[in-house]
Amino acid sequence: MPAPTQQPTQTPENAMPMFYSSPRPLDRARDGGLRLSRPKHFNFAAKTNAVPLLIDEFPMAAAYYPIVFAAGPMPIPAAVVGLKNDNNLFLDTQGRWLNGAYLPAYVRRYPFILMDDPEQKQFVLCIDEASDMFAEEGEYALFEGEQPSAFTKSAMEFCAALRQQGDATDEFVKALKEYDLLMPNDAQIDVRDGTKLQLSGFLVINPQKFDALPDNVYLQWRRKGWLGLIYAQLLSSHRWQNLVDLMQMRK
C-alpha cells in the first residue's frame, strides 16, 4: 500500500491568510465598545501542520520544530507542527499549546494583522472579527475615547515589526535561492505501529552546497548574521522525532 503523502500547508498568494476567516480594518465607530481577552485556546491553529516563521525565530524554533521551507515561487520558512495535513500536534485536547514549546510569532499575532490598503497606499491594522477573543467584556479595551488604546498601539507596533522582519526573511530566502542552496527533502516517518508517513512539498538547505559557498559570500553572510540561521535550520532536522513522539502519545 503506498504511503500517504502529507505536505506542509501554505497559503496561496491571493488566498485568505492562514487562521483568518473574516479580517477587516479596525474601526473606531464600529469597534469602540469592543475589548479583547488573551486566548483561552489556540484552536484557530489546530488545522495546520506548518506555521510560517521569520528568520529572527529560527534559533528558538529549532529547539522544538523541524524548520523547512514550503515549496513555491518564494519558499516560506515554516515550523513543522504536525505529520499529517490539518493536524497540529502541539495542541492538546483543550487547545492549549504544548507547555514550554516556543510559540511562533505568526500565532501570537492573531487576531490582529496588517493588510494593504491600495487606495491609501499604506498598511492598516485589521482584526479577524470571527475570533472569539473579541467581546464587549474583556481584558483590554481597543480604544480609549477617540484614540486607539495603548494595547492597540502595542498590537500595531508588533504587527509592523513582523512586517519588517518579513522583508528581512524574504532577503534571506532570495539569497538561498540565488546560490541554489535549497533542495527538496521528502521525509519518510516510520511509526511504531508499522505504518509509514511520507512528507513532501518542502525544501531544506543543502549542507554540501553551503560548505562550497565562495569565501566572499560566506563572509558577507556572516556579517548579515545569516550563518547562525543556516546552522539552526540544519540542526532542526533532529526535531522530527519530537513529532513522532507526540503522535504516539495521542494514540
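Residues numbered from 1 in each chain as written. Predicted model: local features only at pLDDT ≥ 70, side-chain atom pairs only at ≥ 80, totals over all residues. Heavy atoms only, no water.

## Here's the deal with the overall build of the protein
And then number 1: For the protein, the count of helices and strands is eight helices and 16 strands.
And then number 2: By the compact-globule yardstick of 18 Å for 251 residues, the protein fits well, its C-alpha radius of gyration being 20 Å.
And then number 3: The buried share of the protein, taken over its 251 residues, is 44%.
And then number 4: Long-range pairs, those at least 24 residues apart, make up 72% of the contacts in the protein with a sequence separation of at least 6.
And then number 5: Total accessible area computed for the protein in this model is approximately 13600 Å², and 51% of it derives from carbon and sulfur atoms. (Helix = DSSP H or I, 4+ residues; strand = E, 2+ residues; numbered from the N terminus. Rg over C-alpha atoms; globule rule 2.2 N^0.38 Å. Buried < 20%, exposed > 50% of the residue type's maximum accessible area, 1.4 Å probe, protein only. Contact = heavy atoms within 4.5 Å. Areas by Shrake-Rupley, 256 points an atom, 1.4 Å probe, with all protein chains shown as cover.)

## With respect to the packing of aromatic side chains
And then number 1: Applying the stated criterion across every chain, the model contains 19 aromatic pairs.
And then number 2: With a centroid separation of 6.4 Å and an interplanar angle of 65 degrees, the aromatic rings of Phe58 and Phe69 are classed as edge-to-face. Pair noted here: Phe58 is in helix 2 (residues 58-61) and Phe69 is in strand 5 (residues 67-70), with a separation of eleven residues, a long-range link. Residue Phe58 shares its accessibility class with Phe69, and that shared class is buried.
And then number 3: Pairing Tyr179 with Trp221 gives two aromatic rings, centres 5.8 Å apart and planes at 85 degrees, and the pair type is edge-to-face. On the criterion of sequence distance, the pair formed by Tyr179 in the loop between helix 4 (150-178) and strand 13 (182-184) and Trp221 in helix 6 (residues 215-224) is long-range, its members being 42 residues apart.
And then number 4: Its relative accessible area of 31% is what places Tyr179 among the partly exposed residues. (Phe/Tyr/Trp six-rings, centres within 6.5 Å; stacked < 30°, edge-to-face > 60°.)

## Description of the pairing of strand 6 (residues 76-80)
And then number 1: For strand 6, a buried count of four out of five residues is recorded, marking the element as mostly surrounded by other parts of the structure.
And then number 2: As defined by bridge partners, strand 4 (residues 50-52) adjoins strand 6 across three bridges and the pair is classed as antiparallel. Of the residues in strand 6, the one forming a bridge with Val51 is Ala79.
And then number 3: With four bridges connecting them, strand 5 and strand 6 associate as antiparallel partners. Bridge assignment links Ile67 to a residue of strand 6, and that residue is Ala79.
And then number 4: From the end of strand 5 to the start of strand 6, which pair antiparallel, there are five residues. (Pairing = 2+ DSSP bridges.)

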